[in-house]
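Architecture at a glance
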Amino acid sequence: MIKIRKMCKGFSPDFYYLCGHGTGAASLVYFFNLLGFPVTLWTGFDDGKALSVKYPATLHDGSGLKGLTVDRVIKGTRLSYGDNSQKVIQSIRDPIDTIVSSMNYYFGVSCCQFNGFTTDLSCFNTELLFNHIKEWLNFSCCFTSTYNGIQVNHNKIFYMEFNDILADTLHASLVDLCKFLEVSSPTLSTDEFKEKCKYKYNSFINRLWLYQKSCFCGNPQKGMILADIEITPKFLYEYGRNTWFTSTIIDEVKHNDIEYVLSIRNDLGGSSNAKSWNKQKRECIKKIIDIRLKKFELSLELYKKYAMTSEKLIELLRTRQKFYDNLRKKLEYEISMPLKYVPKKVQRWKNFHSMYSC
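The structure contained in this document is the topic of the report that follows.

This next bit is on the overall build of the chain. A tally of helices and strands in the chain yields 15 helices and 13 strands. The burial tally for the chain puts 50% of its 358 residues in the buried class. Expressed as a percentage of contacts within the chain between residues at least 6 apart in sequence, the contacts between residues at least 24 apart total 75%. Counting only carbon and sulfur atoms, one obtains 52% of the accessible surface of the chain, whose full area is about 18,000 Å².

In structure tokens:
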């Protein structure tokens, strides 16, 4: 059951999760939830107070810990709750790679709109690129000020660098994280969980599946329409469909050796609409899958052609020297804590360091 709680005076999270956009936060949030110490999807802040907090549906028995996500600027001098004993998990990444990832995320959405394929390339306009970087800085560069807001000691911070969450390193990193939080999770040692750590959940193609609007099956003239069916590759279902909104599975379809889950969100009448499902509609679903795959193929072709790279971004930034210098100052400020306490992780950021080479 999803918990949406308005913040009250007595609320105190067990830990904070600081995560800029483009640092792998979406996948990590999923794994935190699987391990039984859920964190919020997003948190809106005003004057140092969290306006609302949305926790995921419970997937497994948990440790009883709950974290508060901080992924945007906090207005106010400090958070207005907590006893300063909370630990902090922070996702960090080469700032240049982070900006590129965040930009390409929005480019990807533009490449494949909810309602169909688009050939509108206005999102790749140079001026808009600079505007997006400014927006990213305002939105994501909030961590140093947040340290002061939550008044945390450096020895209470666990830095999760992007290379720590790749397929061959994620499980070991999560083992270390559980030790840091002083929690045990039976899920951590299961073969099923270890396999999940190897999936690339948030890849471009996988995001396209999750962006798609629901489809409709039935004959409206006969009053037989089944609305809001979501089609998802099976391995993506729990990650993208049944975490923040509980769903009812109405069928599973295998097409071209890939298994798909058909589901309807419960807040959209999932359990009641599921009764109207007729398995004869499977062929219709397969046609929809084929159409989407074709659209994804075209979107991927466009994305690969125009997506930003770290090298292209640095080259572009150097054409605006004043902007470039200001960006370096801001990024230096933001990475000051990781640079001081986990310098070996920061040393791996080749694209950030290339900003200082001729």
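And the narrative resumes.
Next up on the list: the pattern of salt bridges. On inspection of all chains with the given rule, the structure shows twelve salt bridges. The shortest N-O distance in the salt bridge between Asp 164 and Lys 345 comes to 2.7 Å. Of this pair, Asp 164 sits in the loop between strand 9 (157-161) and helix 5 (170-181) while Lys 345 sits in helix 14 (residues 343-347), placing them 181 residues apart in sequence. A salt bridge links Lys 196 to Glu 192, with the shortest nitrogen-to-oxygen separation between them at 3.6 Å. One end of the pair, Lys 196, and the other, Glu 192, are both in helix 6 (residues 191-196), four residues apart, so they sit about a helical turn from each other. Overall, the relative accessible area of 14% leaves Lys 196 in the buried class. Via salt bridges that share partners, Glu 161, Asp 164, Lys 345 and Arg 348 belong to a single interconnected network.

Okay, helix 12 (residues 321-334) next. Turn by turn, an α-helix covers 3.6 residues, leaving residues three or four places apart pointing in a common direction. Its 14 residues place the ends of helix 12 20 Å apart at the C-alpha level, agreeing with the 20 Å of an ideal helix rising 1.5 Å per residue. Those residues of helix 12 lying buried are Phe 323, Tyr 324, Leu 327, Leu 331 and Glu 334. On an axial view of helix 12, the arc spanned by its buried residues comes to 95°, and they lie on one face. Exposed and facing more than 90 degrees away from the buried side of helix 12 are Lys 322 and Lys 329.

Attention shifts here to the side chain of Asn 206. Position of Asn 206 among the secondary structure elements: in helix 7 (residues 204-211). Accessibility expressed as a relative area gives 10% for Asn 206, which makes it buried. Among the polar contacts listed, one links the side chain of Asn 206 to the side chain of Ser 203, at a separation of 3.1 Å. Setting aside chain neighbours within four positions, we find Asn 206 in contact with Lys 200, Tyr 201, Phe 235 and Leu 236.

So, how was this worked out
Residues numbered from 1 in each chain as written. Predicted model: local features only at pLDDT ≥ 70, side-chain atom pairs only at ≥ 80, totals over all residues. Heavy atoms only, no water. Helix = DSSP H or I, 4+ residues; strand = E, 2+ residues; numbered from the N terminus. Buried < 20%, exposed > 50% of the residue type's maximum accessible area, 1.4 Å probe, protein only. Contact = heavy atoms within 4.5 Å. Areas by Shrake-Rupley, 256 points an atom, 1.4 Å probe, with all protein chains shown as cover. Salt bridge = Lys/Arg side-chain N within 4 Å of Asp/Glu carboxyl O. Expected span 1.5 Å × (residues − 1). Arc of directions from axis to C-beta. Polar contact = N/O pair within 3.5 Å; in protein donor to acceptor, adjacent residues only side chain to side chain.

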